[in-house]
Amino acid sequence: MNRLVIATSASAVPMGAQVYEEQVASRAADALSSTGGSWRVDRFIARSLRSTLPGTARVPVGRLARAGRRERAVLGRLLYPGGVLVHRMDLGLPPARAEVLTMHDTVAWRFPDEGARIASAGDELREAAAVICVSQHTAEDVAEMFGVERLHVAHLGIDERFDGAEPLSMTERESLGITGRYVLHAGGATQRKNLEGLAGAWERLQDAVPDVTLVLSGPPHPRRDGLFRELPRALRVGRLPGGMLPRLMAGASAVVVPSLYEGFGLPVLEAMAAGAPVVAARTSSLPEIAGGAAILVDPTPDSIAEGVRYALSAEFDRDAAVAAGRARAAEFTWERSLRIHADVWRAASGGDRPAGSLIA
């Protein structure tokens, strides 16, 4: 029997990477069994030495981030069972003898507030049996930055809760403080999310759209608070329960994704699946994921403001944009993603190094 261990880190605030981890882990066994062969799939969930989060092993997270290549390899041999294929979905975890790696992005090497840079990342990526990237852009980024050749692109899928989500009722919107039309930004608040650009755009839009509210959803963050606290009609609603976000997107006049860098850009597809027009920055992976179904803008206040103004105007064909967005979102399924994952796992479990194609 072949054995696959999916290695992830426990997270108190699940974001896009954790959505990917849970979707792949929950579907891995079925994806492998559907093509024959006998497989056992297990989880390895690392947590820090003092963490109260659920997990299967405690790992010295801080030390690992600073450790050299050899120390990380030794710890990996101690933590993972022998004779198995490990799919390491967090580069911060120690490497395994035989492994597949997932790379969502290279943000730690590009932005100072995106976590620790793993010094041995290049060596570990090159030594892996294969590296799965969530977008063509990330694959090209990883190839250029680390000189990795065995790259495979497997786009993310969309949670079914977003597909045709029902907008929030008036009572539900009012409970959040939302009245009338609104534009939504949903996500984090790190530097690459370009909230500065969005705040500047919203200042410029005050006279053009006096009846519209900018709603900001995401975990509490001092950058978001500082930028939007004093802006008129900018409403921070915090991190919402999982079932509420799709419905909040469904009722938005537009969803704006102004990021400087995204490894994938899941909110673009989630908004499209929910039936909202999307205004997205013309940066990194966002044009690839939007596929022509979004209003693309430069990540500057003026350009973001113009894109949002157009999405709210009478001249904008909202029905056509929503239809195009739904059609684009329908192309991204977890079943398709898992077929690519399963092909990589089967090849790697046989001792092969799957030849990457950079094709999704």
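Reading the values: the criteria
- Residues numbered from 1 in each chain as written.
- Predicted model: local features only at pLDDT ≥ 70, side-chain atom pairs only at ≥ 80, totals over all residues.
- Heavy atoms only, no water.
- Phe/Tyr/Trp six-rings, centres within 6.5 Å; stacked < 30°, edge-to-face > 60°.
- Helix = DSSP H or I, 4+ residues; strand = E, 2+ residues; numbered from the N terminus.
- Buried < 20%, exposed > 50% of the residue type's maximum accessible area, 1.4 Å probe, protein only.
- Domains from an automatic or database assignment.
- Contact = heavy atoms within 4.5 Å.
- Buried area = accessible area lost by both parts, 1.4 Å probe.
- Salt bridge = Lys/Arg side-chain N within 4 Å of Asp/Glu carboxyl O.
- Nonpolar A, V, L, I, M, F, W, Y, C, P; charged D, E, K, R; others polar.
- Axes fitted to C-alpha atoms, helices over the stretch in contact; angles between N-to-C directions.
- Parallel < 35°, antiparallel > 145°, perpendicular 65-115°, else oblique.
- Left-handed = near helix turned anticlockwise from the far one by under 90°.
- Core = buried A, V, L, I, M, F, W, Y, C linked by side-chain atoms within 4.5 Å.

In the nomenclature of an unreviewed UniProt entry, the chain corresponds to Glycosyltransferase family 4 protein from the organism Microbacterium ulmi.

Engineer: It is not clear to me how the packing of aromatic side chains should be interpreted in this structure. Could you clarify?
Structural biologist: Any pair of aromatic rings gets described here by the distance separating the centres and the angle formed by the planes. Enumeration over the complete set of coordinates arrives at 6 aromatic pairs. Here Tyr20 and Trp334 contribute two aromatic rings whose centre-to-centre distance is 6.5 Å and whose plane-to-plane angle is 45°, an arrangement assigned as tilted. With Tyr20 in helix α1 (residues 16-33) and Trp334 in helix α14 (residues 334-349), this pair connects stretches of sequence that are 314 residues apart. Residue Tyr20 is classed as buried on the basis of its relative accessible area, which comes to 0%. Pairing Trp109 with Phe146 gives two aromatic rings, centres 5.1 Å apart and planes at 80°, and the pair type is edge-to-face. You can see Trp109 sitting in the loop between β5 (99-103) and α4 (121-127) and its partner Phe146 sitting in helix α5 (residues 136-146), a full 37 residues away along the chain. Taking relative accessible area as the criterion, Phe146 reaches 10% and is therefore assigned buried.

Engineer: Quick question: what am I supposed to make of helix α7 (residues 195-204) here?
Structural biologist: Structurally, the α-helix is built with 3.6 residues per turn, so residues lying three or four positions apart point the same way. Here α7 lies mainly inside the structure; 7 of its 10 residues are buried. Turning to α7, its buried residues are Leu195, Gly197, Leu198, Ala199, Gly200, Ala201 and Trp202.

Engineer: Hey, could you run me through the domain arrangement of the chain in this one?
Structural biologist: A common way to state how big an interface is: give the accessible area lost once the parts meet. Taken domain by domain, the chain comprises domain 1 (2-157 + 334-350) and domain 2 (160-331). Every contact between the two is made by 23 residues of domain 1 and, on the other side, 19 residues of domain 2. In total, domain 1 and domain 2 occlude about 1,600 Å² of area from one another, counting both sides; carbon and sulfur atoms represent 61% of this. Counting the surface domain 1 buries against domain 2, the share from its top three residues, Phe111, Asp113 and His137, is 30%. Here domain 1 and domain 2 share 2 salt bridges between them. A salt bridge links Arg223 to Asp113, with the nearest nitrogen and oxygen atoms 3.5 Å apart. Sort the elements by how many residues they give to the side of domain 1 that touches domain 2 and α5 lands first, with 4 residues. When grouped by side-chain class, the residues that make up the side of domain 1 that touches domain 2 number 9 nonpolar, 8 polar and 6 charged.

Engineer: Hey, could you run me through the packing of α7 against helix α12 (residues 301-312) in this one?
Structural biologist: Relative placement of two packed helices is described by the angle separating their axes and the distance separating the axes. Running from N to C, α7 and α12 cross one another at 60°; their axes reach a closest spacing of 8 Å. Here α12 runs oblique to α7, going by the angle between their axes. The crossing of α7 and α12 is right-handed. Facing Gly197, Leu198, Gly200, Ala201 and Arg204 of α7, the residues of α12 in contact are Pro301, Asp302, Ile304 and Ala305.

Engineer: I tried to follow the nonpolar core on my own but got confused; where do I start?
Structural biologist: If you look at soluble globular proteins, the nonpolar side chains tend to sit buried side by side. Judged by nonpolar contacts, the single largest core of 63 residues is most densely connected at Leu184, Leu248, Met249, Met272 and Trp345. Residue contacts for Met272: discarding those within four places in its chain leaves Val278, Ala290, Ala293, Ala294, Gly325, Arg326, Arg328 and Ala329. Listed in part, the 27 residues of the second largest apolar core include Val209, Leu214, Val279 and Ala305.

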